[in-house]
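# A closer look at the structure
Chain residues, written in single-letter form:
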Amino acid sequence: MHTQRHDGSDDPTVPQPHATVPQPRPTLPEPLPAVRRPHPTDPRRPGPSRIGPYEVFQLLGEGGMGRVYLARSPGARLVALKVIRPEYAEAPNFRGRFRREADAARKVSGFFTPPVLDADADTRQPWLAAAYVPAPSLHDVVRRFGTLSEPALRALGTGLAEALVAIHAAGIVHRDLKPGNVLVAADGPRVIDFGISRAVDATQVTRTDAVIGTPGFMAPEQIVSSREAGPAADVFSLGCVLVFAATGRGPFGAGGTAEILYRAVHAPPRLDGVPDALRPLLAACLDKDPANRPPTARLLAALGPAEPSALLVPGLRDDLAAREAHAAALVAAPAVPATPPATAHPSRPGRRRFLWLAAVGGTAAAAAGAAALSGWGPKPGRAPGRGGGAGTSVRPAAKVAAGPAPQWSTPLRRLENGRLRLLGDTLVHWDRTHAVGYDTATGKERWTASPRLPSDVSGKPDWLGVHGSTLFATAWGDRGHLLGLDGAGAVKFNHAVTRPEEGSSSPDHLHDVFCVAGSVAVVGSDGSQGYKVHAVDLKAGKVLWSRKVASSDHHASCDGRLCFLQDDGAVHGLDLRTGESRWSVRGVVTPGDYPDLTTGQDAVLVTTVKVQAFRATDGRRLWTAVNEPTDLGPTTVLGERAYVADGQGTVFALDTRDGSQLWHTASPLSLDPASAGDPGPAASSSLVALSLFGADTPGFIVLRASDGTPLWAHQASGAEARSRNSWSVQTAGSTVYAASDTTLYAFRSTPR
């Protein structure tokens, strides 16, 4: 089993676990918001040095089912190693189901399925190893190189059908065949991530109203009841995948999750753009009745003859060559003893630094990495891998002081991935479906948001988050509405932003509020005709301008005069009220990066693996800072300082005027990677607070803002310690507010 990233990009080097999606109600459910940006999971975050017999190179990513590591076998073979989360492993009967499913997966033999090599169901956290395939996903191929021609579609389809024949022969139903689970290698496609979905779906951890799968690629019977999903469900998914490859979209359109699921159950598929010769066959694959779908053997005959080389579209050959070189460098890397971090020589680059060198430089870099491990190090006075720059370099001890007792704590309503923000003297804790306000002085619950909705809205609002003095939400009906609540939970405004366009029966969905400046909010939407950005005058209730964007990883920020928009690698400065272009800078972002934008000191800051600053007035490049080998989290700007953390657990403070480093601190505890909705480290004039990674006991760490010194950490105990979900943290002066899954806290940090 090899897994991909759980996001829109489906990067083949990062895992994408099964999505758990709600079953639709018999009537048309309210649509759920689309995820605008993928979570930029750091591919080089610290992990164990060895799992079973495998030497672990790096964390590829994580999701609801577990973590996936890139590792090497004793025989120097690269594997994708999936480690199951403890909550699954501790569920009754899970280990037995996992063992049976893994044994069945190892029996799958076919050219178009990477072999499952090994598994251990009895260790504390069960794991499964499969051959690592250095190839992009079909999702990535289509997004980067374009849709496929009919010969390429036939080559793809025959490979997928042959893979399903092998999978079904082993008694397995894939149940999550999608573009992210198809790798496009030089000699044909590979179907990945099969083998344990039934075990996960059968556990008591899985909610009774949920199924395993991905909206837009699930068969109707799978949506209604996953236990009814047989081999014909995979044929349906294969049809969805081929439609995506031919058109760049799924057969049931875009929009909210529940809306897509409803169309898959009740609406005919959209096949416009599919080659005429393939349209009848794909229509049969997408029949609502499983009995009417063609078996895989008939699919093979109907799709042939096929030429595998037709899949090698322009640009893909170079991409595959680069991935092969990367994999070869990792295979050739010298073995590194599993030395605890506390005993490592402080002047030598870590293994993550070595792996980065190997990745960017091939075998020559591997030799350089070997030299590094035998004593080569940075020049005196420079910290390794920090891109130079002045400022204090803090190397904390392995332990950090425990935090103070909380001033108060209060139970929280259970939310899915709840977030916490300050809205005046109210703490707002929300997820997609609920928002609750708490008093900052006492922790007492003030209100539960329940705004009155327009008559054309049949469902509930979707909460988008806090910006400035407003909690934003969206509601969907005949129009796409933008709502705003104040700190007391009262409705400030309700504006219709989107309406059905020509050729569409429903309005676009609002999925993000990117920024607010004065009375103008910049929001994002998506629909059947793609993604858009809109500027909305919140006082007048008027859409000032709308602009279509090219890529799903777009992002925006704004000051009082301009909107800064990142789209398809370029950054544009647009007049905030008219949308007129003032300047553009191209080539700012590398394809596959997921940038964060923020503003500070008359500049816009673009954060990926480095922080780049551009002058707000004309886009002139001002400075570049940090430049790490790992993804950076979102940047927080406070006055003349910018705070950002990298994937190796280092926090940086930058001077926004010139990008110089004021300090950087290697956290003594593993930091949690920021998700796409996080604003970056929580910062006040005296404190910087960051969540901890679940490999440590969850909680958060507090640094002194002036010099980066770690002050204290709060680490959970009891039931909270068993959770692996992120804590949300906010700061105000010397107070730290933190929310776990179950409890809201306030801590007063005394100066040191």
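Now for a description of the structure that goes with this document. (Residues numbered from 1 in each chain as written. Predicted model: local features only at pLDDT ≥ 70, side-chain atom pairs only at ≥ 80, totals over all residues. Heavy atoms only, no water.)

## A word on the overall build of the protein chain
Rules: To qualify as a helix, a DSSP run of H or I must reach at least 4 residues; to qualify as a strand, a run of E must reach at least 2; elements of each kind are numbered from the N terminus. The cut-offs for exposure are 20% and 50% of the maximum accessible area for each residue type, with area from a 1.4 Å probe on protein chains only; residues under the lower value are buried, those over the upper are exposed, and the others partly exposed. Any two residues whose heavy atoms approach within 4.5 Å are treated as being in contact. Methods summary: accessible areas were calculated by the Shrake-Rupley approach with a probe of 1.4 Å, and residue burial reflects only the protein chains presented.
From N to C terminus, the protein chain includes 12 helices and 43 strands. Taken over 752 residues, the protein chain has a buried fraction of 58%. Considering only residue pairs separated by 6 or more positions, the protein chain has 56% of its internal contacts joining residues 24 or more positions apart. Total accessible area on the protein chain is roughly 28800 Å²; 50% of this is exposed by carbon and sulfur atoms.

## Comments concerning the sheet that holds strand S19 (residues 480–485)
We count it as follows: Whether two strands pair depends on DSSP finding at least two bridges between them. The angle between two axes is taken between their N-to-C directions and runs from 0 to 180 degrees, where each axis is a line fitted to C-alpha atoms and a helix contributes only its stretch in contact.
Read from one edge of the open sheet, 4 strands run S17-S18-S19-S20, paired in antiparallel fashion. The open sheet has two edge strands, strand S17 (462–467) and strand S20 (491–498), and neither has a second partner. Ignoring which end each strand starts from, the neighbouring axes of this sheet average 20 degrees apart. In this structure, strand S18 (residues 470–476) lies alongside S19, joined through 6 bridges in antiparallel fashion.

## Topic: the nonpolar core
This is how the line gets drawn: By nonpolar core we mean a set of buried residues, namely Ala, Val, Leu, Ile, Met, Phe, Trp, Tyr and Cys, connected to one another through side-chain atoms within 4.5 Å.
Ranked by internal contacts, the top residues of the largest apolar core, which has 71 residues, are Leu138, Leu148, Leu156 and Leu238. Look past the residues within four positions of Leu156 in its chain and what remains in contact with it is Leu138, Leu148, Val182, Pro189, Leu242, Ala245 and Leu311.

## So, the sheet that holds strand S15 (residues 435–439)
Read across the sheet, 4 strands follow the order S13-S14-S15-S16 without closing on themselves; strand pairing throughout is antiparallel. This sheet does not close on itself; its edge strands, each paired only once, are strand S13 (419–423) and strand S16 (445–448). For this sheet the average axis-to-axis angle between neighbouring strands, irrespective of direction, equals 25 degrees. Bridge analysis of S13 against strand S14 (residues 426–430) gives 5 bridges, and the strand direction is antiparallel. Its bridge partner being in S14, Leu422 is matched across the sheet by Leu427.

## Here we look at the packing of helix H4 (residues 150–169) against helix H10 (residues 296–303)
The following threshold applies: Each angle is binned into one of four classes, with values under 35 degrees roughly parallel, values over 145 roughly antiparallel, values of 65 to 115 roughly perpendicular, and all other values oblique. Crossing chirality is assigned from the near helix's rotation relative to the far helix, an anticlockwise turn below a right angle marking it left-handed and a clockwise turn marking it right-handed. Polar here means any residue other than Ala, Val, Leu, Ile, Met, Phe, Trp, Tyr, Cys and Pro, which are nonpolar, and Asp, Glu, Lys and Arg, which are charged; Gly is therefore polar.
At their nearest, the axes of H4 and H10 sit 9 Å apart, and the two run at 160 degrees to each other. On the basis of the axis angle, H4 is roughly antiparallel to H10. For the crossing formed where H4 meets H10, the hand is left-handed. Across from Arg154, Gly157, Thr158, Ala161, Glu162, Leu164, Val165 and His168 in H4, the residues of H10 making contact are Thr296, Leu299, Leu300, Ala302 and Leu303. Its residues placed into classes, the contact of H4 with H10 shows 7 nonpolar, 4 polar and 2 charged.

## A look at the state of the cysteines
Inclusion rule: Note on terminology: disulfide denotes any pair of cysteine sulfur atoms within 2.5 Å.
Within the structure shown, the criterion is met by 1 disulfide. Note on cysteine connectivity: Cys515 is disulfide-linked to Cys558, with sulfurs 2.3 Å apart. The sign of the S-S torsion, about 130 degrees, decides the handedness of the disulfide formed by Cys515 and Cys558: right-handed. Of the two residues, Cys515 is situated in strand S21 (residues 509–517) and Cys558 in strand S25 (residues 555–558); the sequence distance between them amounts to 43 residues. Here Cys515 and Cys558 have matching classes, each one buried. Considering cysteine sulfurs only, Cys285 is the nearest to Cys240, which forms no disulfide, with 9.3 Å between them. Among the residues examined, Cys240 registers a relative accessible area of 0% and is labelled buried.

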